[in-house]
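Structural overview
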Amino acid sequence: MNEKEMYDEIKKLLESEGLVTARLVESVSRTAQMCSVTLPEMQVLFDQWLSLIGREVLRLAEPGKEMAVSETAGMIGISESSLLAILLSLQRRGKIKVESLRIAEGTGKNEDICSCFQ
């Protein structure tokens, strides 16, 4: 292995370690945020919020009709990822059945990471 190949390998390794470090920082931050939610009062508030949002999703989810994820999430005021998670939760509880999904090109960004980490 010559010097250039070795330099390129070391560079790749350092870039990889940078990504791992960013992921670790993100995980620690999320864990700290989640700890505040585990307080009984916060859990009650979160459950109430989730129930309200779930009812709104159910109201907008018309059987046999297609649901535009981006548009619906925008109307409710939540992220597309949150809407998908709520739809999955509603399906698990037997409230709805998701029958199809249409996949589009991704943005190339992890939408679950706070913009402050990007």
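Residues numbered from 1 in each chain as written. Predicted model: local features only at pLDDT ≥ 70, side-chain atom pairs only at ≥ 80, totals over all residues. Heavy atoms only, no water.

Here we come to the packing of helix H2 (residues 40-60) against helix H4 (residues 80-92). Running from N to C, H2 and H4 point in directions that differ by 85°, and their axes come no closer than 10 Å. Looking at the two axes, H2 sits roughly perpendicular to H4. Of the residues in H4, those in contact with Leu50, Ile53, Gly54, Val57 and Leu58 of H2 are Leu83, Ile86, Leu87 and Leu90. Grouping the constituent residues of the contact of H2 with H4 by class yields 8 nonpolar, 1 polar and no charged. (Axes fitted to C-alpha atoms, helices over the stretch in contact; angles between N-to-C directions. Helix = DSSP H or I, 4+ residues; strand = E, 2+ residues; numbered from the N terminus. Parallel < 35°, antiparallel > 145°, perpendicular 65-115°, else oblique. Contact = heavy atoms within 4.5 Å. Nonpolar A, V, L, I, M, F, W, Y, C, P; charged D, E, K, R; others polar.)

The next subject is the environment of Ala61. Assignment of secondary structure puts Ala61 in the loop between H2 and helix H3 (69-76). You can call Ala61 partly exposed: its relative accessible area is 22%. For Ala61 and Leu87, which are 26 residues apart along the polypeptide, the C-alpha to C-alpha distance reads 9.2 Å. (Buried < 20%, exposed > 50% of the residue type's maximum accessible area, 1.4 Å probe, protein only.)

All chains considered together, the criterion is met by 4 salt bridges. Ionic pairing is found between Glu56 and Arg59, a salt bridge with its closest N-O pair at 2.7 Å. A residue pair is termed a helical-turn pair when its members lie 3 or 4 positions apart in one helix, as Glu56 and Arg59 do in helix H2 at 3 residues. Here Glu66 ties to Arg102 by a salt bridge, and the two come within 2.2 Å at their closest N and O atoms. Of this pair, Glu66 sits in the loop between H2 and H3 while Arg102 is found in the segment after H4, placing the two residues 36 residues apart along the sequence. For the residue pair Glu66 and Arg102, the accessibility class agrees, reading exposed in each case. (Salt bridge = Lys/Arg side-chain N within 4 Å of Asp/Glu carboxyl O.)

For the rest of this paragraph, the subject is the nonpolar core. The nonpolar side chains of a soluble globular protein tend to be buried with one another. Of all hydrophobic cores here, the largest spans 9 residues; its members are Ile53, Val57, Ala73, Ile76, Ile78, Leu83, Ile86, Leu87 and Leu90. Of all the elements in the fold, those that place two or more residues in this core are H2, H3 and H4. Top element by residues in this core is H4. It accounts for 4 residues. In this view, Leu90 contacts Gly54, Val57, Leu58, Lys95 and Ile96; residues no more than four positions away in its chain are not counted. (Core = buried A, V, L, I, M, F, W, Y, C linked by side-chain atoms within 4.5 Å.)

Here we take up the environment of Ser89. Relative to the helices and strands, Ser89 is located in helix H4. Judged by relative accessible area, which is 25%, Ser89 ranks as partly exposed. It is 8.9 Å that separates the C-alpha atoms of Ser89 and Gly54, two residues lying 35 residues apart in sequence.

Bringing H4 into the picture now. Since the α-helix packs 3.6 residues into each turn, any two residues three or four apart lie on the same face. Across its 13 residues, H4 extends 18 Å between first and last C-alpha, which sits within 8% of the 18 Å expected from 1.5 Å per residue. Among the residues making up H4, those that are buried are Leu83, Ile86, Leu87 and Leu90. Here the buried residues of H4 occupy an arc of 100° about the axis, which is enough to place them on one side. Each element contacted by the buried residues of H4 is listed here: H2 and H3. Phi turns positive, to about 80°, at Gly94, one or two residues after H4. (Expected span 1.5 Å × (residues − 1). Arc of directions from axis to C-beta.)

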